[in-house]
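# Observations on chain architecture
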Amino acid sequence: MNALSPVEKIKAESRYLRGTIVASMTDVVTGAIAEADTQLIKFHGSYQQDDRDLREERRQQKLEAAYSFMIRTRLPGGVVTPQQWLQLDAIATHYGNGTLRLTTRQAFQFHGVIKRELKPTLQAINTALIDTIAACGDVNRNVLVSANPVQSRAHAAVYACAVRLSEHLKPRSRAYYELWLDEQQIGGGEEESEPLYGATYLPRKFKIGFAVPPLNDIDVFANDLGLIAILEEDELVGFNVSVGGGLGATHGDAATYPRLGDVIGFITPEQLLATAKAALTTQRDFGNRAERKRARLKYTIDDRGLAWFVAEIERRLGHVLQPARPYTFTHNGDRFGWIQGYDGRWHLTLRIESGRVADRDGKPCLSGLREIATVHRGDFRLTANQNLIIANVAAADRAEIDALVSRYALDGFRRASPLRLYALACVALPTCALAMAEAERYLPELLLQLEALLDRHGLRDAPILLRISGCPNGCSRPYLGEIALVGKAPGRYNLMLGADFRGQRLNRLYQENITEPEILAALDPVFACYAGERGEGEGFGDFLIRAGVIADKTARQIPAQVLT
Ligand code: SRM
Ligand code: SF4
């Protein structure tokens, strides 16, 4: 057997995630923490980062890198009250870089928190009754739920399932409470146990998402475990189970690749917790603990076979799964503007570019949402597409919200091209340690260039799904973009084409390692072809496959028998 990866040793010796974090936090000589602690602190919802814009300059000046911490919340389904919104805004303004970042997994991220303020920041987040436990690390991550969960009774039921599951799979270590919230140590921590995870937790992160067809706004097949709600007359009767989704890859390493989940059967809501536990513990026991790059469930399944995996979880469950039920996904984007819920209340979905809530470039987004939070009596819901829903608004309150939305220029969604509305960009530079190219900061310019190109072909109104990420890890789920740019080096990207707009087909590499002029030159004839030859209502990605622009050799389809 191969040697365990170094992170396994760090976890095993950490006394359930404590490590030397106390000593690291009190060391005033450096703005960083001990290397082993950088791994452990992830389980507490934080990453040590450094400002990459300043890295070289500081190195030349022989200064330590400009270290700071990113903090991510755990927030199943991304639901917060207006009061919590105001508290998070105040935290971002006081301790962070003055921005709130809505993520592709319905969480908030704070960037730029310095070491001596990490503890007060985590305390302030907890004061808002939100925590950051297991937001990162080798555990179950933030559970995704189709946005607008109040739209039907079934959405509410699915949301309740997700919250229960998130709680059920939370680590039991008290380390978080001791380290950050000053809880007294119980028996020095040694007496503790993690009944679900064990002392070394999972081999790697584990992701769960709940979709409510016909919307696949969470990209359910990108999750290790996907739950597709099956409704009968608007009542939840259970879930189709998808396993083995995951998008991360490494350039030039064919042993790593994006993979969509396989639908393996149907379960009732009562079977949910046990099924999730069976899938998670199978991965805990059989996942690759030697090579972190191949430690996700998708590789366990591909290495051992899907039939083996299904048999193993059925063995753990003590029953076989029922056959998957029919369902249809029509779209994986958000629905912008006002929508009325089943109970008569209203929900307004706003476009937040790259999920960055900030007062920048003449757009007072942070201030506007602060103002809205002071008058709003419903709640806020983050979407998995980095957008925001002002949810549960009484009909009588709509006008006031609309006025604020206009006053603070939050109404861009009314005029934006579909390309702009649906575009996703990961954080990338300057905070992400793994970024090879720009993503979020480049998106505005890229959109202008692509819109101009679409205009030339009369395609401005064509709904095309664009995603960009600064490296191949896939945080903006680029492999599910009809057009995607995956960062390779500064100013250079792999151009991927041909996913669908339903999150059911991966795209494929079209051109490698190209610059902006080359990207535009590559897309120009493709747009011309689409403008001239597309069928009625035919999506861009579907057209590229049908017209043979992109071969569909390896793009995996969800088996037809489970689609209506
Ligand atoms: Fe991610 C690592 C940001 C969703 C796959 N991701 C990172 C880190 C923490 C970089 C690092 O390890 O040092 C990034 C922090 C950047 C920063 O400065 O904030 C980061 N990931 C993000 C976010 C903020 C992107 C965004 O713009 O919204 C998303 C936060 C989600 C959340 O709230 O929990 C985010 N990351 C995703 C997704 C999308 C999803 O889950 O739907 C994926 C692809 C799905 C998957 O997991 O396969 C994703 N992130 C990765 C990977 C590749 C993991 C793999 O096993 O292949 C890494 C690298 C790693 O873990 O080593 C990574
Ligand atoms: Fe960073 Fe890469 Fe994720 Fe973008 S895709 S946030 S560059 S790890």
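None of the values given here were measured: they were computed from a predicted structure. (Residues numbered from 1 in each chain as written. Chains lettered and ligands numbered in written order. Predicted model: local features only at pLDDT ≥ 70, side-chain atom pairs only at ≥ 80, totals over all residues. Heavy atoms only, no water.)

Of the regular secondary structure elements, the protein holds 17 helices and 22 strands. Taken over the C-alpha trace, the protein has a radius of gyration of 23 Å; the compact-globule value for 564 residues is 24 Å, and the two agree within 12%. Dimensions of the protein, computed from the C-alpha atoms along their principal axes, are close to 70 × 55 × 55 Å. Residue burial in the protein is summarised as follows: out of 564 residues, 59% are buried. (Helix = DSSP H or I, 4+ residues; strand = E, 2+ residues; numbered from the N terminus. Rg over C-alpha atoms; globule rule 2.2 N^0.38 Å. Buried < 20%, exposed > 50% of the residue type's maximum accessible area, 1.4 Å probe, protein only.)

Attention shifts here to the site of ligand 1. In the vicinity of ligand 1 there are 29 residues, among which Thr-103, Leu-247, Thr-431, Cys-475 and Arg-477 approach most closely. Within the contact set of ligand 1, an oxygen atom lies 3.3 Å away from a side-chain nitrogen or oxygen of Gln-386. A distance of 2.6 Å separates an oxygen atom of ligand 1 from a polar side-chain atom of Thr-431. Contributing elements (two or more residues each) for the shell around ligand 1: β1 (46-50), β2 (67-72) and β5 (108-113). Taken together, the residues of the shell around ligand 1 sort by class into ten nonpolar, eleven polar and eight charged. (Near = heavy atom within 4 Å. Polar contact = N/O pair within 3.5 Å; in protein donor to acceptor, adjacent residues only side chain to side chain. Nonpolar A, V, L, I, M, F, W, Y, C, P; charged D, E, K, R; others polar.)

Next up on the list: the pairing of strand β19 (residues 466-469). Side chains Leu-466 and Ile-468 of β19 all project onto a buried face; the interleaved residues Arg-467 and Ser-469 project onto the opposite face, where all are buried too. Looking at chain direction, strand β18 (residues 424-425) and β19 are connected through two bridges and run parallel. Residue pairing for β19: Leu-424 is matched across the bridge by Arg-467. This β-α-β element, β18 to helix α15 (residues 443-456) to β19, shows left-handed connectivity. Two elements, β19 and strand β20 (residues 483-489), share four bridges in a ladder whose sense is parallel. (Pairing = 2+ DSSP bridges. Right-handed = clockwise from strand over helix to strand, strands pointing away.)

Four donors placed tetrahedrally about a metal ideally form angles of 109.5 degrees, and six donors placed octahedrally ideally form angles of 90 or 180 degrees. Donor atoms from the protein around the iron atom of ligand 1 number only one, Cys-475 (SG), found at 2.3 Å. Assignment of secondary structure puts Cys-475 in the loop between β19 and β20. (Donors = N, O, S within 2.8 Å, 3.2 Å for Na, K, Ca; no water.)

In spatial order, the strands read β18-β19-β20-β21-β22; together these five strands make up an open sheet with mixed pairing. For this open sheet the edge positions go to β18 and β22 (508-514), each flanked by a neighbour on one side alone. Together, β18, β19 and β20 form the strand contacts of α15, whose direction differs from that of β19 by roughly 145 degrees. In the packing of helix α16 (residues 516-533) onto the sheet, the strands contacted are β20, β21 (492-497) and β22, and the crossing angle to β22 comes to about 145 degrees. (Contact = heavy atoms within 4.5 Å. Axes fitted to C-alpha atoms, helices over the stretch in contact; angles between N-to-C directions.)

Around ligand 2 sit Cys-426, Val-427, Ala-428, Cys-432, Leu-434, Ala-435, Ser-469, Gly-470, Cys-471, Asn-473, Gly-474 and Cys-475, and that is every residue in its neighbourhood. Tallied by class, residues from the shell around ligand 2 come to eight nonpolar, four polar and no charged.

Okay, the sheet that holds β1 next. Read from one edge of the open sheet, five strands run β1-β2-β5-β4-β13, paired in antiparallel fashion. The strands lining the two open edges of the sheet, one partner per strand, are β1 and β13 (356-357). Where β2 lies against β5, three bridges are found, and the strand directions are antiparallel. In the strand pairing of β5, Ile-71 is matched with Phe-110. Set on the sheet, helix α6 (residues 118-127) makes contact with β1, β2 and β5; between it and β2 the angle comes to about 15 degrees.

What follows covers the confidence of the model for the protein. Confidence in the prediction for the protein averages 95 pLDDT; 96% of positions are at 70 or higher. For residues 554-564, every residue scores under 50 in pLDDT, and the model assigns this stretch 29 contacts once sequence neighbours within four places are set aside. (pLDDT = per-residue confidence, 0-100.)

At a closest axis distance of 9 Å, the pairing of helix α9 (residues 272-286) and helix α11 (residues 306-317) adopts a crossing angle of 120 degrees. Classified by the angle between their axes, α9 and α11 sit oblique to one another. Here α9 runs over α11; the crossing is right-handed. Taken together, the residues of α11 that come into contact with α9 (itself represented by Ala-274, Thr-275, Ala-278, Ala-279, Thr-281, Thr-282, Arg-284, Asp-285 and Phe-286) are Trp-308, Phe-309, Glu-312, Ile-313, Arg-316 and Leu-317. Per-class residue counts for the contact of α9 with α11 are eight nonpolar, three polar and four charged. (Parallel < 35°, antiparallel > 145°, perpendicular 65-115°, else oblique. Left-handed = near helix turned anticlockwise from the far one by under 90°.)

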